[in-house]
Amino acid sequence: MVPTGNSTMLRLARLAASVPRLHAHPTNSRHSMAYSAKIGPSILSSDLSCLGSECVRMMECGADYLHLDVMDGHFVPNITFGHPMVECLRKTVGQDPFFDMHMMVSRPEQWVKPMAAAGASQYTFHVEATTNPGNLIKEIRESGMKVGLAIKPGTTVEELAPWANQVDMALVMTVEPGFGGQKFMEDMMPKVSWLRSQFPSLDIEVDGGVGPDTIHKCAEAGANMIVSGSAVIGSDDPRSVIALLRTAVAEAIQKRSLDR
Ligand SMILES: O=C(CO)[C@@H](O)[C@H](O)COP(=O)(O)O
Ligand SMILES: [Fe+2]
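Because the structure is a prediction, the values reported are computed rather than measured. (Residues numbered from 1 in each chain as written. Chains lettered and ligands numbered in written order. Predicted model: local features only at pLDDT ≥ 70, side-chain atom pairs only at ≥ 80, totals over all residues. Heavy atoms only, no water.)

A look at the overall build of the protein
Selection rule: The secondary structure listing takes helices from DSSP runs of H or I that are at least 4 residues long and strands from runs of E that are at least 2 residues long, numbered from the N terminus. Using a 1.4 Å probe on the protein chains alone, a residue whose accessible area is under 20% of its type maximum counts as buried, one over 50% counts as exposed, and one in between counts as partly exposed. The contact criterion used is simple: two residues touch if any of their non-hydrogen atoms lie within 4.5 Å.
Check the secondary structure of the protein and you find nine helices and eight strands. Expressed as a percentage of the 260 residues in the protein, the buried residues total 53%. Restricting to contacts in the protein with at least 6 residues of sequence separation, those with at least 24 account for 66%.

Quick word on the UniProt feature "active site" (unreviewed entry) in the protein
Here is the rule: UniProt positions are given in the numbering used here, feature names are shortened, and annotations may be inferred rather than shown by experiment. Whenever two N or O atoms come within 3.5 Å, that pair is a polar contact, provided that in protein one can donate a hydrogen and the other can accept it, and provided that, for residues adjacent in sequence, both atoms are side-chain atoms.
Taking the UniProt record as the reference, the feature "active site" (unreviewed entry) is found at Asp 69 and Asp 207. A maximum C-alpha distance of 10.6 Å places the annotated residues, which cover 139 residues in sequence, within one compact spot. In this structure, Asp 69 sits in strand β2 (residues 66-71). A relative accessible area of 4% places Asp 69 in the buried class. Setting aside anything within four residues of it in sequence, one finds Asp 69 in contact with Ser 42, Leu 44, Thr 80, Phe 81, His 102, Met 104 and Asp 207. At 2.7 Å, the side chain of Asp 69 and the side chain of Ser 42 are in polar contact. As for its position among the elements, Asp 207 is in strand β7 (residues 203-207). In this view, Asp 207 contacts His 67, Asp 69, His 102, Leu 171, Val 172, Met 173, Thr 174, Val 175 and Val 227; residues no more than four positions away in its chain are not counted. In terms of polar contacts, Asp 207 uses its side chain to reach the side chain of His 67, at 3.1 Å.

Some details on the UniProt feature "binding site: a divalent metal cation" (unreviewed entry) in the protein
UniProt annotation of "binding site: a divalent metal cation" (unreviewed entry) refers to His 67, Asp 69, His 102 and Asp 207 when read in the numbering used here. Spanning 141 residues, the named residues nonetheless gather at one spot, since no C-alpha pair among them exceeds 10.6 Å. Counting through the fold element by element, His 102 comes out in strand β3 (residues 99-104).

Quick word on the site of ligand 1
Keep this limit in mind: Think of it this way: one heavy atom of a residue within 4 Å of a molecule or strand is enough to make that residue near it. Per-residue accessibility takes into account occlusion by the displayed protein chains alone, with areas from the Shrake-Rupley method and a 1.4 Å probe. Gly falls in the polar group here, along with every residue not listed as nonpolar (Ala, Val, Leu, Ile, Met, Phe, Trp, Tyr, Cys, Pro) or charged (Asp, Glu, Lys, Arg).
Surveying the vicinity of ligand 1 reveals 21 residues, the closest of which are Gly 178, Asp 207, Gly 209, Gly 229 and Ser 230. Ser 42 is positioned with one of its side-chain polar atoms (N or O) 3.1 Å from an oxygen atom of ligand 1. A distance of 2.7 Å is found between an oxygen atom of ligand 1 and a side-chain nitrogen or oxygen belonging to Asp 207. Isolated, ligand 1 exposes 380 Å² of accessible area, and the fraction of that covered by the protein chains is 100%. Elements that contribute at least two residues to the shell around ligand 1 include exactly β2, β3 and β8 (225-228). The element best represented in the shell around ligand 1 is β2, accounting for three residues. By residue class, the composition of the shell around ligand 1 is seven nonpolar, twelve polar and two charged.

Let's talk about the coordination of the iron ion (ligand 2)
To keep things clear, this is the line we draw: Metal-coordinating donors are taken as N, O and S atoms lying within 2.8 Å of the metal, or within 3.2 Å when the metal is Na, K or Ca; because water is left out, some sites can appear incomplete. The geometry test gives tetrahedral to four donors whose angles all lie between 85 and 135 degrees, gives square planar to four donors and octahedral to six donors whose opposite members are over 155 degrees apart with all other angles between 65 and 115, and gives irregular to the rest.
Taken together, His 67 (NE2), Asp 69 (OD), His 102 (ND1) and Asp 207 (OD) make up the protein donors of the iron ion (ligand 2), found 2.1 to 2.2 Å from the metal. Given six donor atoms and angles of 73 to 177° at the metal, the environment of the iron ion (ligand 2) is assigned as octahedral. Mapped onto the sequence, the donors of the iron ion (ligand 2) take the spacing H-x1-D-x32-H-x104-D. Taken together, the residues Asp 69 in strand β2 and His 102 in strand β3 connect sequence positions 33 residues apart. Accessibility assignment for this pair places Asp 69 and His 102 in one class, buried.

Notes on the sheet that holds β3
To be explicit about the condition: When DSSP finds two or more bridges between a pair of strands, those strands are recorded as paired. Think of each axis as a best-fit line through the C-alpha atoms, taken over the contacting stretch in the case of a helix, with angles from 0 to 180 degrees between the N-to-C directions.
Read from one edge to the other, the open sheet built from eight strands follows the order β1-β8-β7-β6-β5-β4-β3-β2, with strand pairing classed as parallel. Strand pairing shows two members of the sheet lacking a second neighbour, β1 (38-41) and β2, which therefore form its edges. Each adjacent strand pair in this sheet contributes to an overall mean axis angle of 25°, direction not counted. The sheet contacts of helix α3 (residues 83-93) involve β2 and β3, and relative to β3 the element is tilted by about 165°. The sheet strands contacting helix α6 (residues 189-198) are β5 (146-151), β6 (169-173) and β7, and the helix crosses β7 at an angle near 170°.

Observations regarding the nonpolar core
The condition that has to hold: What we call a nonpolar core is a set of buried Ala, Val, Leu, Ile, Met, Phe, Trp, Tyr and Cys residues that are connected through their side-chain atoms within 4.5 Å.
Membership of the largest hydrophobic core comes to 66 residues, with the highest contact counts inside it found for Met 101, Met 115 and Ile 226. Residues Tyr 65, Met 169, Met 173 and Val 175 belong to the second largest nonpolar core, which totals nine residues.

Quick look at the pattern of salt bridges
As a reminder, the rule being used: A pair is scored as a salt bridge if a Lys or Arg side-chain nitrogen falls within 4 Å of a carboxyl oxygen belonging to Asp or Glu.
Scanning all chains against the criterion turns up nine salt bridges. Residue Lys 146 is joined to Asp 168 by a salt bridge in which the shortest nitrogen-to-oxygen separation is 3.6 Å. Residue Lys 146 is located in strand β5, and its partner Asp 168 is located in the loop between β5 and β6; the two are separated by 22 residues in the primary sequence. You can call Lys 146 buried: its relative accessible area is 18%. Under the relative-accessibility criterion, Asp 168 is labelled buried at 5%. A salt bridge links Lys 255 to Asp 259, with the nearest nitrogen and oxygen atoms 3.2 Å apart. Linking Lys 255 with Asp 259, this pair stays in helix α9 (residues 238-259), spanning four residues, or about one helical turn. Classification of Asp 259 as exposed rests on a relative accessible area of 57%.

Here you go:
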């Protein structure tokens, strides 16, 4: 029988409110709503000659969004792709999937409009790459995209903090940007914990070396947007890995909300 007493109802309502929305679309996450667990495979680790079908496969395996790594051979010592590829991917996957563009480029200002036109959903730039983050945030918003702000391992979280209230997402890099398949830097976790304590409803993303072995550190520290490249793409069962990562984060979010 369903209990209907007032105190029981109150407890059930509290419990329901504390349960994270597992499949929330990233576009709904800012401002009014509590953050939720979202898993974004980095397609850098996939067969780059099949990017379109790899994106489709990741969405079919339960990805919440796609993390697309743009490298210019200048900001980082590697080159990937630019907005023409994003335009093709958008045509292949349709309007729905959320494209988080991780812009590892110098002068990120120059690609805002082309990326927006190509179908990017969020433009995540590095604070190290610009002298005027405030202006760039404004330009990204005016182009209709969400804003992500990233810091490299050597950059302190204090450099991100002044902008945190103006962005949709903060990205704490857990490897030196440039390549997939590197070792997770656990010593970045205090940055995540600090951001979570200061900005309780901010989307906080971690990127680099994140997989089943390292997800619990990220989840406990307070990250809720999880980029995972080689651990997901290289797995025989990406669907299970994505589900495992999401469960770890969802449980940590639930624990945090019950502890409050
Ligand atoms: O931005 C980057 C690397 O610069 C990442 O998005 C990696 O591509 C993630 O891959 P794994 O470290 O998970 O293999
Ligand atoms: Fe990335």
